[in-house]
Amino acid sequence: FVLDHAAKINGAKLPRGEIQPIRIIHRGNIRDLFQSENRRMTILVLTIWFTASFVYLGIVLAITSLITLGSTCPTYDELASLNSVNTDSCYCHEITTDDLLPNLYMSFAELPGLIIAVLIIDSVGRKGTLIITLGLFGVVSLMLTICMSGNATMLVLLFVSRALAAVSLQVVYV
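Residues numbered from 1 in each chain as written. Predicted model: local features only at pLDDT ≥ 70, side-chain atom pairs only at ≥ 80, totals over all residues. Heavy atoms only, no water.

Visitor: Break down helix α5 (residues 97–107) for me, citing the residues and quoting the values.
Guide: Within the sequence span of α5, burial applies to Asp99, Asn103 and Met106. Buried residues of α5, seen end-on, are gathered within an arc of 50 degrees and therefore sit on one face of the element. Along α5, exposed side chains directed more than 90 degrees from the buried face belong to Thr97 and Asp98. The elements touched by buried residues of α5 are α3 (39–69), α6 (110–144) and α7 (152–173). (Buried < 20%, exposed > 50% of the residue type's maximum accessible area, 1.4 Å probe, protein only. Helix = DSSP H or I, 4+ residues; strand = E, 2+ residues; numbered from the N terminus. Arc of directions from axis to C-beta. Contact = heavy atoms within 4.5 Å.)

Spelled out as structure tokens, the structure:
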């Protein structure tokens, strides 16, 4: 009736045939993810997603702190000289815009990382790409535990670690 009325107002004719009702297809729900046949895969995907997100967020937050401190293991005197406020043996330093500018530069590490991801994901696959990037990220992170003070090596390692973290996070979403 509604279509007949609309066609009459518009001066048009309805096409031949009958309108069929839409078939409702069961699309699943959250419980389906944890049924016996899907449970293992669901837990694996959630673990991989959490790991990649944690790695990415961790390095993004660590870059600001490490660049602000200028060292991977500052001395007590260096911490005290940063206009820090002592709160129970944790020296907190106010972050200024000067401290955030290097973090902006480190954001550019994601572009080469994503280009590398696009190039290797087709040849190595998702699983291989995740193994390579998270493994290399672990190695680079271990290298960052070596005492370095404000040199180019620390900045290069931070740049590489951010690129690897960005690749691993993006591969999870592909």
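From this point, things continue past the structure.
Visitor: I'd like to hear about the packing of aromatic side chains, residue by residue, with values.
Guide: Within a pair of aromatic rings, the relevant descriptors are the distance that separates the centres and the angle that separates the planes. Tallied over the full model, the rule gives one aromatic pair. Between Phe50 and Phe54 the ring centres are 5.7 Å apart and the planes differ by 20 degrees, which places this aromatic pair in the stacked class. With a gap of four residues between them, Phe50 and Phe54 both fall in helix α3, about one helical turn apart. (Phe/Tyr/Trp six-rings, centres within 6.5 Å; stacked < 30°, edge-to-face > 60°.)

Visitor: Tell me about the environment of Gln170, residues and numbers included.
Guide: By the element assignment, Gln170 lies in helix α7. Between the C-alpha atom of Gln170 and that of Ala52, which follows or precedes it by 118 residues, the distance is 8.6 Å.

Visitor: For the nonpolar core, give the residues involved together with the corresponding values.
Guide: The biggest cluster of nonpolar side chains holds 15 residues, and the ones touching the most others in it are Ile59, Ile63, Phe137 and Leu158. At the level of elements, α3, α6 and α7 are the ones that each hand at least two residues to this core. Per element, the largest residue contribution to this core is six residues, and it comes from α3. Residues in contact with Leu158, not counting those within four places in the same chain, are Ile59, Ile63, Leu66, Ile67, Met106 and Leu144. (Core = buried A, V, L, I, M, F, W, Y, C linked by side-chain atoms within 4.5 Å.)

Visitor: Tell me about the pattern of salt bridges, and name the residues and values.
Guide: Here the structure, examined in full by the defined rule, presents one salt bridge. Glu110 is the partner of Arg162 in a salt bridge, and the nearest nitrogen-oxygen pair spans 2.8 Å. With Arg162 in helix α7 and Glu110 in helix α6, this residue pair connects regions lying 52 residues apart in the sequence. Accessibility assignment for this pair places Arg162 and Glu110 in one class, buried. (Salt bridge = Lys/Arg side-chain N within 4 Å of Asp/Glu carboxyl O.)

Visitor: Tell me what's going on with the side chain of Glu110, and back it up with residues and numbers.
Guide: By relative accessible area, which is 19% here, Glu110 ends up buried. Of the polar contacts made by the side chain of Glu110, one reaches the side chain of Arg162; its length is 2.8 Å. (Polar contact = N/O pair within 3.5 Å; in protein donor to acceptor, adjacent residues only side chain to side chain.)

Visitor: Go over a nonpolar patch on the surface with me, naming the residues and quoting the values.
Guide: A contiguous nonpolar surface patch, about 470 Å² in accessible area, is contributed by Ile30, Leu33, Phe34, Ile43 and Leu46. Those elements giving two or more residues to the nonpolar patch turn out to be α2 (30–33) and α3. Residue position: Ile30 is located in helix α2. (Patch = residues over 30% accessible without salt bridge, like charges linked within 9 Å, V, L, I, M, F, W, Y side chains within 5 Å. Areas by Shrake-Rupley, 256 points an atom, 1.4 Å probe, with all protein chains shown as cover.)

Function cannot be read off these values alone, since they describe shape.
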